[in-house]
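# Fold and geometry: a report
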Amino acid sequence: MYQHDRWLELWQQSTKNPLITQVDIRRIKHTDNKKEISEIAKYSAKNSDYLQDETVFDTFYNTLSGKRLIVYSGRFKDANTLYETKELDHYKDIDPIYYIYQIFYHWGKTDYIETERKLMNQDMQKEINQTLLDESDIEE
């Protein structure tokens, strides 16, 4: 029996629906592209799917435990679209720090040691200075 056929059989059993004829099982590539994650998020289950019985619930729980699946709907979907198209960037803060040097550090045995210091050229300064702050740039 092919792997695909086995997945289909398991899915039919877990949903108690023998009318299901297709399953699409693929590994997500580890990438910064969020397309794969968005693809999974649109298939998040509703509670009516996993509250059929304890076996189905356990299957969902064990499969999705530790995973973060997000589905945007309504105004959140609209806001996510605006965010992805950078239409909300005017709400972001501009980094107030003016960078002049590029400094490299390496870990010594007990502390960081400065190993190189470069004066950034004007193109580098234009690229880095006065840029918008992303959430990932803000330390909590």
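Above: the structure in question.
Residues numbered from 1 in each chain as written. Predicted model: local features only at pLDDT ≥ 70, side-chain atom pairs only at ≥ 80, totals over all residues. Heavy atoms only, no water.

### What about the environment of V23?
- Inspection of the secondary structure assignment puts V23 in the loop between α1 (3-15) and α2 (35-41).
- Each C-alpha atom, one on V23 and one on D5, is 8.7 Å from the other, the two residues being 18 residues apart in sequence. (Helix = DSSP H or I, 4+ residues; strand = E, 2+ residues; numbered from the N terminus.)

### Regarding the environment of T55
- By secondary structure assignment, the location of T55 is in helix α4 (residues 54-64).
- For T55, a relative accessible area of 56% corresponds to the exposed category.
- In this structure, the C-alpha to C-alpha distance between T55 and T15, residues 40 residues apart in sequence, is 9.8 Å. (Buried < 20%, exposed > 50% of the residue type's maximum accessible area, 1.4 Å probe, protein only.)

### With respect to the pairing of strand β1 (residues 101-107)
- In the sheet, β1 pairs with strand β2 (residues 112-119) via seven bridges, with the strands oriented antiparallel. From the neighbouring strand, Y105 faces β2, where its bridge partner is E114.
- Adjacent in sequence and paired antiparallel, β1 and β2 are bridged by four residues. (Pairing = 2+ DSSP bridges.)

### Remarks on the packing of aromatic side chains
- This model, assessed by the stated rule, comprises one aromatic pair.
- Between W107 and Y112, the aromatic rings sit 4.8 Å apart at their centres with planes inclined by 75°, giving edge-to-face as the arrangement. Taken as a pair, W107 and Y112 share a single burial class, namely exposed.
- Stacked on the ring of Y101, the Lys or Arg R117 has its end atom at 5.5 Å from the ring centre. (Phe/Tyr/Trp six-rings, centres within 6.5 Å; stacked < 30°, edge-to-face > 60°. Lys NZ or Arg CZ within 6 Å of the ring centre and 35° of its normal.)

### Overview of the pattern of salt bridges
- Taken as a whole and judged by the stated rule, the model has four salt bridges.
- The partner of E9 in a salt bridge is R6, and the shortest N-O contact between them spans 3.1 Å. Highlighted residues: E9 and R6, both in helix α1, separated by three residues, approximately one helical turn.
- The exposure class assigned to R6 is partly exposed, which follows from its relative accessible area of 36%.
- The residue K92 makes a salt bridge to D89 at a minimum N-O spacing of 3.4 Å. The exposure classification of K92 matches that of D89, with both residues buried. (Salt bridge = Lys/Arg side-chain N within 4 Å of Asp/Glu carboxyl O.)

### Overview of the side chain of D95
- Note that D95 resides in the loop between α5 (74-84) and β1.
- Among buried Asp, Glu, Lys and Arg side chains, D95 stands out as unpaired, with K92 the closest opposite charge at 13 Å.
- A polar side-chain atom of D95 sits 3.1 Å from the main-chain amide nitrogen of I97.
- Those residues in contact with D95, other than ones at most four positions away along the chain, are Q130, T131 and L133. (Lys, Arg positive; Asp, Glu negative; His and termini not counted. Polar contact = N/O pair within 3.5 Å; in protein donor to acceptor, adjacent residues only side chain to side chain. Contact = heavy atoms within 4.5 Å.)

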